[in-house]
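Results of the structural survey
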Amino acid sequence: MQETETQVLNKYSRTLTQEVTNPAAQAMLYAIGMKEKDMDKPQIGIASTGYEGNPCNMHLNGLSVYVKQGVTANNMVGLIFNTIGVSDGMTNGNDGMRYSLPSRDLIADSIESVVAAQWYDGVIAVVGCDKNMPGAIMAMARLERPAIMVYGGTIRSGHYKGKKLDIVSAFEALGQKFAGNISDEDYKGVIQNSIPGPGACGGMYTANTMAASIEAMGMSLPFSSSYPATHEGKQEECKKIGAAMKLLLERDITPKDIITKKSLENALTVVMALGGSTNAALHYLAIARSAGLPLTLDDIQEISNRTPFIGDLKPSGKYYMEDLLEIGGVPAITKYLYGEGLIHGDCLTVTGKTVAENLAEASDLDFDNQKIVFPLSNPIKPSGHIQVLYGNLAPTGSVAKITGKEGTFFEGDAKVCEHESEIIDMLAKGEIREGHVVVIRNSGPKGGPGMSEMLKPTSAVMGAGLGDKIALITDGRFSGGTHGFVVGHITPEAFDGGPIALVKDGDKITIDANTRQLTLHISDEEMAARKSNWKQPAPRFTKGVLGKYIRQVKSASEGCVTDES
Ligand code: FES
């Protein structure tokens with residue numbers, strides 16, 4: 001017998017709704033308000049990281065309601081559920097930040113758990129902050145059923161005394177305060193006006209990096225990353241998702257058809273072109289593993305080598321994500337890159353069309369009338385800003401952000417911080433001086449734990465006017481808002497006895513982005529002697545989320561995944 005459309009579309013949920021052996025499940029579905037006519041409709045899980053405690057996530061439950069309307073209008077049952085969503089901007093140094101990266105995997109685990117356990121036929125994730133997006137995509141890759149990501153949208157910029165502000169302005173104000181360069185009134189004014197309402201941090205920081213590149217990868221609708229959170233286009237996108245999901249179900253298009261080695265390359269190409277966050281390296285390594293695809297740090301370097309950096313966006317540039325919409329959004333940029341042979345056009349996307357077919361509808365970049373995106377013939381930097389460095393300080397790799405503005409070579413004396421918070425005191429006491437290579441260790445995935453971001457230290461360094469005078473290296477990571485001469489993701493991390501654990505104050509360190517080497521200038525014998533005296537520290541946590549994380553997490557060079565042995 002030929003299957004009807006409905007039998008195909010509800011291939012998971014029919015286990016509960018159609019099988020006679022599941023009367024309790026059917027009774028429960030009637031209890032939530034479903035009627036007999038609904039029982040053979042496909043069921044779509046709508047995962048929201050909505051949470052009223054931070055701007056990145058505060059509006060997502062509202063957007064989920066629009067998504068549900070679109071799902072219902074397309075003769076399916078939409079069921080909203082929540083997962084956690086912490087904000088990196090509110091994690092208060094190492095203590096809260098320890099939970100940030102682990103939250104990516106908790107989000108992935110919880111979306112996987114609900115969708116698989118409740119037999120949903122498809123999943124739509126409405127997500128906002130840095131880790132929420134890779135978390136959602138990792139779950140989708142594991143689940144292998146039709147899936148679409150909706151980005152909550154970027155925040156609008158704030159204003160104070162005629163200056164545009166964003167979240168990094170608030171961090172940098174602290175450094176200005178240390179340096180005595182800002183009045184108390186202006187300090188308060190910056191903090192009260194940096195963020196005007198809902199949305200993810202407004203530069204090409206991690207959230208906007210992941211949103212733009214996931215759109216380029218094909219897992220969200222065109223313009224999903226370009227509409228600000230409060231733009232009317234965001235609501236329209238949410239209402240359109242139901243029709244898009246229906247098409248994916250009808251054609252049985254799942255993430256394995258969309259997330260491929262080539263579409264990962266498209267995503268990373270957009271990251272490089274726009275000067276995106278170093279966190280993208282971590283997250284795409286993890287997404288690839290969830291999809292069962294081979295992707296390494298060296299692949300990321302190769303994409304960086306061939307992709308000019310052309311987006312003059314914050315943190316290193318002038319413009320905000322909201323400005324991109326005025327020049328045609330991410331589709332116009334991707335179309336330009338495609339036209340120049342840097343994007344694979346034959347990858348399938350959640351529209352059911354290929355990248356090239358979607359881009360046929362995008363506008364062209366007008367290089368005569370905009371200054372946000374540079375032409376490839378005159379880039380900000382001829383290759384990507386994300387550089388993978390090796391060397392005797394990072395034998396299994398590290399990730400640097402070299403935009404070209406800070407130069408490509410730095411040599412200086414080590415100033416070691418055993419904990420991220422020490423640098424704030426050192427700055428306040430004037431102990432960090434021009435020429436120092438500040439080493440922040442014990443901040444790796446296990447040692448931190450959770451690989452904390454160095455936004456506070458780097459912003460304070462910038463605010464203190466030392467941004468182009470010192471370098472900062474760490475086994476932790478950097479916020480997408482970071483700029484300056486920084487190297488993170490150093491592996492092996494200090495907790496595992498990596499060479500970063502052996503650095504002493506005053507050691508000479510060289511960061512050379514030309515040879516891609518991170519070098520500690522001590523002899524092999526000295527290195528071996530220091531290693532023989534090294535003892536692994538006790539884990540900072542043995543119980544709870546962080547205790548589990550320390551036991552499970554893989555190295556930053558492997559994406560900090562937690563679901564592989
Ligand atoms: Fe959530 Fe920046 S802290 S997007």
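Residues numbered from 1 in each chain as written. Predicted model: local features only at pLDDT ≥ 70, side-chain atom pairs only at ≥ 80, totals over all residues.

1. Examining the overall build of the protein chain
- Across its full length, the protein chain carries 22 helices and 14 strands.
- The C-alpha atoms of the protein chain give 24 Å as radius of gyration, which agrees with the globular expectation for 565 residues (24 Å, within 12%).
- Once the C-alpha set of the protein chain is aligned to its principal axes, its extents read approximately 75 × 55 × 50 Å.
- Here the analysis covers contacts within the protein chain between residues at least 6 apart in sequence; of these, 77% occur between residues at least 24 apart. (Helix = DSSP H or I, 4+ residues; strand = E, 2+ residues; numbered from the N terminus. Rg over C-alpha atoms; globule rule 2.2 N^0.38 Å. Contact = placed C-beta atoms within 7 Å.)

2. Examining the sheet that holds strand β9 (residues 409-417)
- A sheet is described by the order of its strands in space; here 8 strands give the open sequence β7-β8-β12-β11-β10-β9-β13-β14, paired in mixed fashion. In the strand order of this sheet, the two ends are held by β7 (386-389) and β14 (517-520), each with one partner. Across the sheet, the mean angle from the axis of one strand to that of its neighbour is 25°, orientation sign disregarded.
- Sheet analysis places strand β10 (residues 436-440) next to strand β11 (residues 471-474), joined by 4 bridges and oriented parallel. The residue bridging Ile 440 from the neighbouring strand is Thr 474, located in β11. (Pairing = 2+ DSSP bridges. Axes fitted to C-alpha atoms, helices over the stretch in contact; angles between N-to-C directions.)

3. A short note on the UniProt feature "active site" (unreviewed entry) in the protein chain
- If you check UniProt for "active site" (unreviewed entry), the listed places come out as Ser 479 in our numbering.
- Among the structural elements, Ser 479 can be located in the loop between β11 and β12 (485-488).
- Of the residues examined, Ser 479 has 28 C-beta atoms within 10 Å and is grouped as buried.
- Beyond its immediate sequence surroundings of up to four residues, Ser 479 is in contact with Asp 88, Tyr 205, Thr 206, Glu 453 and Leu 455. (UniProt positions renumbered as here; feature names shortened; annotations may be inferred. Buried ≥ 20, exposed ≤ 12 C-beta atoms within 10 Å, placed from the backbone.)

4. Details of the environment of Glu 453
- As for its placement among the helices and strands, Glu 453 is situated in the loop between β10 and α20 (455-463).
- Glu 453 sits in the buried class, given 32 other C-beta atoms within 10 Å.
- Once the C-alpha coordinates of Glu 453 and Asp 184 are considered, the two residues, 269 residues apart in sequence, prove to be 27 Å apart.
- Apart from the residues lying within four places of it in its own chain, the contact partners of Glu 453 are Asp 88, Met 97, Ser 100, Gly 476, Arg 477, Phe 478 and Ser 479.

5. What to know about the domain arrangement of the protein chain
- Structurally, the protein chain comprises domain 1 (42-156 + 169-359) and domain 2 (386-558).
- For domain 1 and domain 2, the distance between their C-alpha centres works out to 27 Å.
- Listed by contribution, the elements that provide at least two residues to the side of domain 1 that touches domain 2 are α5 (93-97), α6 (100-117), α8 (167-178), α10 (206-217), α14 (279-290) and α15 (297-306).
- Broken down by element, the side of domain 1 that touches domain 2 gets its largest block of residues, 7 residues, from α8. (Domains from an automatic or database assignment.)

6. Overview of unusual backbone geometry
- The linkage connecting Lys 314 with the following residue, Pro 315, adopts the cis geometry, with an omega of 20°.
- Counting through the fold element by element, Pro 315 comes out in the loop between α15 and α16 (321-324).
- The peptide bond linking Gly 448 to Pro 449 adopts the cis configuration, its omega dihedral lying at -15°.
- By the element assignment, Pro 449 lies in the loop between β10 and α20.
- With phi around 65°, Trp 119 is a residue other than glycine that occupies positive phi space.

7. Details of the pairing of strand β8 (residues 398-401)
- Burial of the side chains of β8 extends over both faces: Ser 398 and Ala 400 are buried on one face and Val 399 and Lys 401 on the other.
- Bridging between β8 and β12 involves 3 bridges; their strand directions are antiparallel. Following the sheet pairing, Lys 401 is matched in β12 by Val 486.

8. A few points about the packing of α10 against helix α13 (residues 261-274)
- Look at α10 against α13: their axes get within 8 Å of each other, and the N-to-C directions meet at 140°. Taken as axis vectors, α10 and α13 run oblique relative to one another. Note that α10 runs across α13; the crossing there is right-handed. Of the residues in α13, those in contact with Thr 209, Ala 212, Ser 213, Ile 214, Ala 216 and Met 217 of α10 are Ser 263, Leu 264, Asn 266, Ala 267, Leu 268, Val 270, Val 271 and Leu 274.
- By residue class, the composition of the contact of α10 with α13 is 10 nonpolar, 4 polar and no charged. (Parallel < 35°, antiparallel > 145°, perpendicular 65-115°, else oblique. Left-handed = near helix turned anticlockwise from the far one by under 90°. Nonpolar A, V, L, I, M, F, W, Y, C, P; charged D, E, K, R; others polar.)

9. Some remarks on the pairing of β11
- Neither face of β11 is left uncovered, since the one carrying Ala 471 and Ile 473 and the one carrying Leu 472 and Thr 474 both have all their residues buried.
- As paired elements, β11 and β12 share 3 bridges and run parallel to each other. Residue pairing across strands places Ile 473 opposite Val 487, the latter belonging to β12.

10. Quick look at the confidence of the model for the protein chain
- This prediction gives the protein chain a mean pLDDT of 93; 98% of its residues lie at or above 70.
- Note on residues 1-7: pLDDT is under 50 here. Beyond four places in sequence and across chains, it has 2 contacts.
- Across the interfaces of the predicted complex, the ipTM metric reaches 0.99, alongside a pTM of 0.95. (pLDDT = per-residue confidence, 0-100.)

11. Points about the UniProt feature "binding site: Mg(2+)" (unreviewed entry) in the protein chain
- Residues annotated in UniProt with the feature "binding site: Mg(2+)" (unreviewed entry) correspond here to Asp 88, Asp 130, Lys 131 and Glu 453. Across 366 residues of sequence, these annotated residues stay compact in space, with a maximum C-alpha separation of 12.2 Å.
- Within the secondary structure layout, Asp 88 lies in the loop between β2 (77-82) and α5.
- Under the C-beta neighbour-count criterion, Asp 88 is labelled buried, with 29 such atoms within 10 Å.
- Non-local contacts of Asp 88, meaning those with residues more than four positions away in its chain, are made with Ser 100, Cys 129, Asp 130, Glu 453 and Ser 479.

12. Considering the nonpolar core
- In this structure, Val 123, Ile 124, Ala 136, Met 149 and Val 150 are the most contacted members of the largest nonpolar core, which totals 167 residues.
- Here Val 123 is in contact with Ile 44, Gly 45, Ala 47, Ile 111, Val 115, Met 140, Leu 143, Arg 145 and Ala 147, once residues within four sequence places are set aside. (Core = buried A, V, L, I, M, F, W, Y, C linked by C-beta atoms within 7 Å.)

13. What about α8?
- Counting buried positions along α8 gives 9 out of 12 residues, so the element sits mostly inside the fold.
- One or two residues past the end of α8 sits Gly 180, with phi positive at roughly 70°.

14. So, the sheet that holds β2
- A sheet is described by the order of its strands in space; here 4 strands give the open sequence β2-β1-β3-β4, paired in parallel fashion. A strand with exactly one partner marks an edge of an open sheet, and here the two such strands are β2 and β4 (147-151). Direction aside, neighbouring strands of the sheet carry axes that sit 20° apart on average.
- Where strand β1 (residues 43-48) meets strand β3 (residues 122-127), 5 bridges bridge the pair, whose relative direction is parallel. Looking at β3, one finds that Ile 46 is bridged to Ile 124.

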